[in-house]
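Architecture and fold: a report
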Amino acid sequence: MLLHCLSSYYTLPLCQRPAGQQSAKMSCWILFLSLLGFLPLVAPTCPSPCKCDANIVDCLSRGLTESSLPAAFSPSTRTIFLNHNQLTSIPRGLLDNLQSLQVAYLWGNPWECDCDILYLRSWLQWQQNRTQYRDVVCASPEHLRGRIIAYLSEDELISTCQYWYCSLALFSQICLFVFILLQAVLLLFIILFLHRFQRIASVARQTTKEMHQHIDTWAPLSENAHGID
């Protein structure tokens, strides 16, 4: 349509191009530029540092972690190789919009089976053929090491979450205790400082009083001395 629009305009001699066709030319160019603007959105892109071939995304052995994992994959992706990386969990929602995805190779990663693994477990349980994910196993914690993530019970993972929350609560209590202890030490230091300041002020007042007494004692003697002279 765009090519026909432009060709029909430029095939006419310059003197035969009506004014109405000039506005048609502008419309054609606007349509052309609009299509150019949408090309980056529809053109398939390969996430760095992976390699792509057709609908296959190869991120095998790239040293990927959760922070360096691509933020998104093409919706037409059918196969993803994420095995043999350093992944401990998968960001929530990363695989949800891949309607054409047939298989994701995930083994060979040090998966941490705690609260953050709940999304991956849920995604694996929704797969029709869960047997192909038998090699996706926990690397930690110790009591879940070697367990297949897809077959973990929710209670087992929630128990790790509760342990994490308990650890956080214990850490918070320790921090609060240290904070209160520091306040107590600071208050004790202030009390000692004020007590010492009071002693210094008392000595200063006593010294000033004694000086005034000496001055009062020496004043008559001075006057008598001047009278004798």
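All of these numbers come straight from a predicted model, not from anything done at the bench.

Definitions and limits used
Within each chain, residue numbers correspond to sequence positions counted from 1 in written order. The model is predicted, so local features are restricted to residues of pLDDT at least 70 and side-chain atom pairs to those at 80 or more, both for listing and for counting; the totals for chains, interfaces and linings are taken over all residues. Side-chain metrics rest on all non-hydrogen atoms present in the structure, leaving aside hydrogens and water. In DSSP terms, a helix is any run of H or I states spanning at least four residues, a strand is any run of E spanning at least two, and both are numbered starting from the N terminus. A simple rule labels every residue: compare its accessible area, found with a 1.4 Å probe on the protein chains alone, to the largest value its type can have, and call it buried under 20%, exposed over 50%, or partly exposed in between. Salt bridges are defined by distance alone: a side-chain nitrogen of Lys or Arg within 4 Å of a carboxyl oxygen of Asp or Glu. We call a set of buried residues a nonpolar core when its members are Ala, Val, Leu, Ile, Met, Phe, Trp, Tyr or Cys and they connect through side-chain atoms within 4.5 Å of each other.

**Comments concerning the environment of His 143**
Relative to the helices and strands, His 143 is located in the loop between strand 6 (138-140) and helix 4 (154-228). Since its relative accessible area comes to 55%, His 143 is described here as exposed. Counting along the chain gives 13 residues from His 143 to Glu 156, while the straight-line C-alpha distance between them is 9.9 Å.

**A few points about the pattern of salt bridges**
By the definition in use, this model includes 2 salt bridges. Arg 145 is paired through a salt bridge with Glu 142; the nearest N and O atoms lie 3.1 Å apart. For Glu 142, a relative accessible area of 59% gives the class exposed. Salt-bridge contacts for Arg 147 lead to Glu 156; the nearest nitrogen and oxygen are separated by 2.8 Å. A relative accessible area of 32% places Arg 147 in the partly exposed class.

**A word on the nonpolar core**
Formed by 32 residues in total, the largest nonpolar core has its most connected members in Leu 82, Leu 106, Trp 111, Leu 120, Trp 123, Leu 124 and Ile 149. Every element with two or more residues in this core is listed here: strand 4 (103-105) and helix 3 (118-125). Per-element tally for this core: the top contributor is helix 3, with 4 residues.

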